[in-house]
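Chain by chain, the residues:
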Protein chains: 2
Amino acid sequence: MKNVIGREIPDNIEGFGKVRHYEGAYANLTDRVKVSVKTRSVKPGDSKLCETIDEVLDKLEVKDGMTLSFHHHLRNGDYVLNMVMAAVAKRGIKDIHVAATGIFPIHEPLVEYMKEGIVTGISVNYISPGPVATAISKGLLKNPAVMRSHGGRPRSIESGDMHIDVAFIAAPTADWYGNVNGVQGNAACGTLSYFMPDIEYADQVVAITDNMVPYPACPIDITQDHVDYVVKVDCIGDSKGITTGTMNITKDPVGLRIAKLTALFMDATGYIENEFSFQTGAGGTSLAVAAEVRKIMKEKNVVGSFAAGGVTGYIVDMLNDGLFRNIWDVQCFDLKAVASYRDNPKHMSMSGSLYGNPHVPGPIVNNLDVMILGATEIDTDFNVNVITGSDGIIMGASGGHEDTAAGSKLAIVVSSLTKGRLPVVKDAVTTVTTPGETVDVFVTERGIAINPRRVDLIEKIKDTDLPIVTIEELKEMSERLTGTPEPMQFGEKIVAVVEYRDGTVIDVVKQVI
Amino acid sequence: MKNVIGREIPDNIEGFGKVRHYEGAYANLTDRVKVSVKTRSVKPGDSKLCETIDEVLDKLEVKDGMTLSFHHHLRNGDYVLNMVMAAVAKRGIKDIHVAATGIFPIHEPLVEYMKEGIVTGISVNYISPGPVATAISKGLLKNPAVMRSHGGRPRSIESGDMHIDVAFIAAPTADWYGNVNGVQGNAACGTLSYFMPDIEYADQVVAITDNMVPYPACPIDITQDHVDYVVKVDCIGDSKGITTGTMNITKDPVGLRIAKLTALFMDATGYIENEFSFQTGAGGTSLAVAAEVRKIMKEKNVVGSFAAGGVTGYIVDMLNDGLFRNIWDVQCFDLKAVASYRDNPKHMSMSGSLYGNPHVPGPIVNNLDVMILGATEIDTDFNVNVITGSDGIIMGASGGHEDTAAGSKLAIVVSSLTKGRLPVVKDAVTTVTTPGETVDVFVTERGIAINPRRVDLIEKIKDTDLPIVTIEELKEMSERLTGTPEPMQFGEKIVAVVEYRDGTVIDVVKQVI
């Protein structure tokens, strides 16, 4: 059937199951139940220590068909997923569902496991462009990958939609009884937030560490009462891999113009004021927006309440300058952020559920005033795609995109009008990640389009000289620059299911041919 | 039937239900299931603020038969339980089960509610001698009170044995969206640890605060994703009430001699060494033990790993002197402890479950080397009573007594041989709180009795001049001083059920007549 935003979705998807259809961003925010959880009693005197990954796999009784979960705080420097999956593969175990918070190019060995039927399912909230994403797009994974958001994943775990058999913590520091922190050791990566639901809801939890400290580890991000086993290995990863991709302010004049216009729009609509809260991504244009906002805050002596999200040194500087009272951090994007989280109590961690789970009594995204979002494509209904690229191949996932858009008072998408000689604005995006209902503004180098639903914003800027246009005008400009591209051709196989944060299916991704 | 330690317990107890009989301290440490939990979705823009207790009771739909829970971090300075129960009583609601972590003399209004049938059930992990305890002993409560330990209560909540309809947080500081801390405001009481299971498992959670701060509260002990409503009141309590009872080192020569002997015993048996961990109560003799241990640690340059439990300024001094690397705090007993928990990251909080729940993969009590325990009575099987006094009236509850005894490597009971001209050592204690199986040593002013099960300890001290005697000899000495008292007379009505930490019934308390 066609869902409420016009995407054609089957009622049943092979390898995924029955579909609950997307019904609108705020349609399913009703009371829920968190599922029951197995727990193991560890007696006084019992040890949790295992000498090797193999020994712990024995104790865990890992077998065909299990769901094993991993987290991506070490990003492209993570060795743990590969280490565990290599040991699993060696045992001849098949049909594993890898439930990772994020997948990066370093996880390329998964491609071979997909071909061999060792890995038949993958779910992620984030995926980098790279071999695994491409292999999924090409149909190499038996079951459709499931793409969730940072808030949707905790929801799926807590509701029982996604049951995790074993969660493997990449633990930068641990003691022998399973207390873990992310801020000490060679692979210190900061907060371990995304993995908190796994720690609480997995049947069994293992901490894999290369930095074993005397008991008790201090500070503690994950406490011993949630950890069943501890394994010491030589190296869990390379903390230099945390800083992946562009995490500097853009120098591109187009990006800088977009950033300037965005900040002016925020100011003109009254959002840059005392107590306001703000989140931006780590992309070059997003960081340029932060730089512009910073200038205005300083000029106006504005002190905001909090900045949130994945955190870069740039946001840490704003905290240290007194521009925000607090940071709420779900992932440290660089070592300056790691140090700040470690040393500054004003720099707080938030679990994935606290960050964005729509089925709790209020995640932090609900308190966000302004969110700056990226886009691969946006359509004239303001629906945004951050999953598939111009070639139809998977190159990302929602992360916090749809959560923050739904929660924040002002969700601004920033993008240049064209990317790689293709138009960014379309009649319909290839894949809907974030519904237009939750997107308020689209800022480009050629003008700003306000979602017509936001009559209040249109009213507020009517006396300014900001270049306000319609999204249809942006589409025309965009196509004038690039021409109208041929529609992409896809195969019939559904290679990925895009779950909205509430667990409904908002879209699917089909195989590239 | 008679349980394994010879206590006569019915298979069914009216107002309590079917009894699972106690089978030994380590008999029930098997895999378990944590129960599922209701959760409410709070939409962006929705408010959690209520103007009055009455308004929040309306929203919560509080009605007959509900279980309302409270915590005792404000101890005898807590106003919140009374405030909520007065509003409940005024509405004509009946048959409420008050699930409090602790009850103090300030909660005397409960006695009237018991008489009126407004309150028909009470469960506690701690109860002070006073009007409520006496009223329970006299049979004024319709159903038997349930006495649990600090670890047993989280177990009962997480397993679903005790379902909580509404948890009311006495919140020293909160923001309008339900982030709470215990370290700021006029009623700052430090950690809020005991209440963490309630926060996670209650159907609904309310924060009642007298110190509303701008969003977000920071630091945060309880996060907004667990809190449904927030109410601002004039005053939640008097933080001076935290320091209740004797929390200074005893000056009594008997207590000092016991303390000295205890420390010598710990040293002779090799427990005072680098990395050792230690817990003691806040009573005068217990603190005197800490003072003696401190001396030995300084002499020997010993650095311990952690001190745990309810924390006094005395333990904080040991942390600051570098005698322990860390503190694990379940309750601040004075304002020095509150300040330390607020300012020193080495002073960590532990939830009740992390502290003592036997059905998790290892509570902190499992890592305790030495625990110093008090006793009202001890018997020749080393069973300890801390619940009923010499008159048979309830004057306490386990708190962490049975948890730490079961977990620690060396559980030492310290007491004078007589109390109020009555013998402390008996053939059988009035009420078993802590089974003798988990008690290793009993230290008195006249000698030290080692549990015969601990042949290793007997071996270790055989060449010392410590005054080692049998528990039977201590009983004789005790009775020689006081005479053998007449057995106490009780009525037939069971007024309290004593649950062991694993949820089995270890004993019952009968009505005083």
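Residues numbered from 1 in each chain as written. Chains lettered and ligands numbered in written order. Predicted model: local features only at pLDDT ≥ 70, side-chain atom pairs only at ≥ 80, totals over all residues. Heavy atoms only, no water.

Caption draft 1: Structural view of the overall build of chain A. Looking only at helices and strands, chain A features 14 helices and 32 strands. For chain A, the proportion of its 513 residues judged to be buried stands at 66%. Considering only residue pairs separated by 6 or more positions, chain A has 72% of its internal contacts joining residues 24 or more positions apart. Here chain A has roughly 17300 Å² of accessible surface; of this, 50% comes from carbon and sulfur atoms. (Helix = DSSP H or I, 4+ residues; strand = E, 2+ residues; numbered from the N terminus. Buried < 20%, exposed > 50% of the residue type's maximum accessible area, 1.4 Å probe, protein only. Contact = heavy atoms within 4.5 Å. Areas by Shrake-Rupley, 256 points an atom, 1.4 Å probe, with all protein chains shown as cover.)

Caption draft 2: Highlighting the interface of chain B and chain A. Taken together, the contact pairs 57 residues of chain B with 57 residues of chain A. Both sides together, the interface formed by chain B and chain A hides about 4400 Å², and carbon and sulfur atoms give 56% of it. Remark: the boundary between chain B and chain A carries zero salt bridges. Linking chain B to chain A there are 28 residue pairs in polar contact (both at pLDDT 80 or more). Secondary structure elements with two or more residues in the side of chain B that touches chain A: strand S3 (32-34), strand S4 (37-39), strand S18 (304-311), strand S19 (324-332), helix H11 (352-356) and helix H12 (401-407) of chain B. Split by residue class, the side of chain B that touches chain A holds 27 nonpolar, 17 polar and 13 charged. (Buried area = accessible area lost by both parts, 1.4 Å probe. Salt bridge = Lys/Arg side-chain N within 4 Å of Asp/Glu carboxyl O. Polar contact = N/O pair within 3.5 Å; in protein donor to acceptor, adjacent residues only side chain to side chain. Nonpolar A, V, L, I, M, F, W, Y, C, P; charged D, E, K, R; others polar.)

Caption draft 3: Highlighting the sheet that holds strand S32 (residues 505-512) of chain B. Residue and element names in this part refer to chain B. Across the sheet, 10 strands lie side by side as S5-S16-S15-S12-S6-S7-S9-S11-S31-S32; this open sheet has mixed pairing. The sheet is open, and its two borders are formed by strand S5 (49-50) and S32, each paired with just one other strand. Strand contacts of helix H2 (residues 80-90): strand S6 (67-70), strand S7 (96-100), strand S9 (119-124), strand S12 (166-171) and strand S15 (204-209), with the helix running at about 155 degrees to S6, the strand carrying the most contacts. (Pairing = 2+ DSSP bridges. Axes fitted to C-alpha atoms, helices over the stretch in contact; angles between N-to-C directions.)

Caption draft 4: Just unusual backbone geometry, in detail. Residues and elements named next belong to chain A. In this structure, Pro-216 follows Tyr-215 across a cis peptide bond, with omega equal to -10 degrees. Mapped onto the elements, Pro-216 comes out in the loop between strand S15 (204-209) and strand S16 (229-232). The omega torsion of the bond from Cys-218 to Pro-219 falls at 0 degrees, within 30 degrees of zero and hence cis. You can see Pro-219 is positioned in the loop between S15 and S16. The backbone of Arg-75 sits at a positive phi, close to 45 degrees, despite the residue not being glycine. Position of Arg-75 relative to the elements: it lies in the loop between strand S6 (67-70) and helix H2 (80-90). Judged by its relative accessible area of 7%, Arg-75 falls in the buried class.

Caption draft 5: Broad picture of a negative patch on the surface. Negative charge collects at one region of the surface, where Asp381(A), Glu472(A), Glu473(A) and Glu476(A) lie side by side. Position of Glu472(A) among the secondary structure elements: in helix H14 (residues 471-482). (Patch = residues over 30% accessible without salt bridge, like charges linked within 9 Å, V, L, I, M, F, W, Y side chains within 5 Å. Lys, Arg positive; Asp, Glu negative; His and termini not counted. Charge placed at Lys NZ, Arg CZ, Asp CG, Glu CD.)

Caption draft 6: Fine view of the pattern of salt bridges. Within this structure, the stated rule accounts for 62 salt bridges over all chains. Between Lys115(A) and Glu112(A) there is a salt bridge whose closest N-O contact spans 3.9 Å. Of this pair, Lys115(A) and Glu112(A) both sit in helix H3 (residues 109-115), three residues apart, which is roughly one turn of that helix. Between Glu275(B) and Arg325(B) there is a salt bridge, and its shortest N-O distance comes to 2.8 Å. With Glu275(B) in the loop between helix H7 (253-268) and strand S17 (278-280) and Arg325(B) in strand S19, this pair connects stretches of sequence that are 50 residues apart. Judged by relative accessible area, Arg325(B) falls into the partly exposed class, the value being 27%. If you follow the salt bridges from partner to partner, you end up with Arg20(A), Arg148(A), Arg155(A), Asp161(A) and Glu499(A) in one network.

Caption draft 7: Just the packing of aromatic side chains, in detail. Per the counting criterion, the structure on display carries 24 aromatic pairs over all chains. Judged by centre distance (5.4 Å) and plane angle (10 degrees), the ring pair of Phe70(A) and Phe168(A) falls under stacked. Remark: Phe168(A) occurs in strand S12 (residues 166-171) and Phe70(A) occurs in strand S6; sequence separation between them is 98 residues. Exposure class is identical for Phe70(A) and Phe168(A). Each is buried. With 5.7 Å between their ring centres and 55 degrees between their planes, Trp328(A) and Tyr215(B) make a pair best called tilted. Highlighted residues: Trp328(A) in strand S19 (residues 324-332) and Tyr215(B) in the loop between S15 and strand S16 (229-232), drawn from two different chains. Accessibility classification places Trp328(A) together with Tyr215(B) in one group, the buried group. Feature note: the residues Trp176(A), Tyr177(A), Tyr215(A), Phe306(B) and Trp328(B) constitute an aromatic cluster, connected by ring pairs. A cation sits over an aromatic face here: Arg75(B) above Tyr126(B), 5.9 Å from the ring centre. (Phe/Tyr/Trp six-rings, centres within 6.5 Å; stacked < 30°, edge-to-face > 60°. Lys NZ or Arg CZ within 6 Å of the ring centre and 35° of its normal.)

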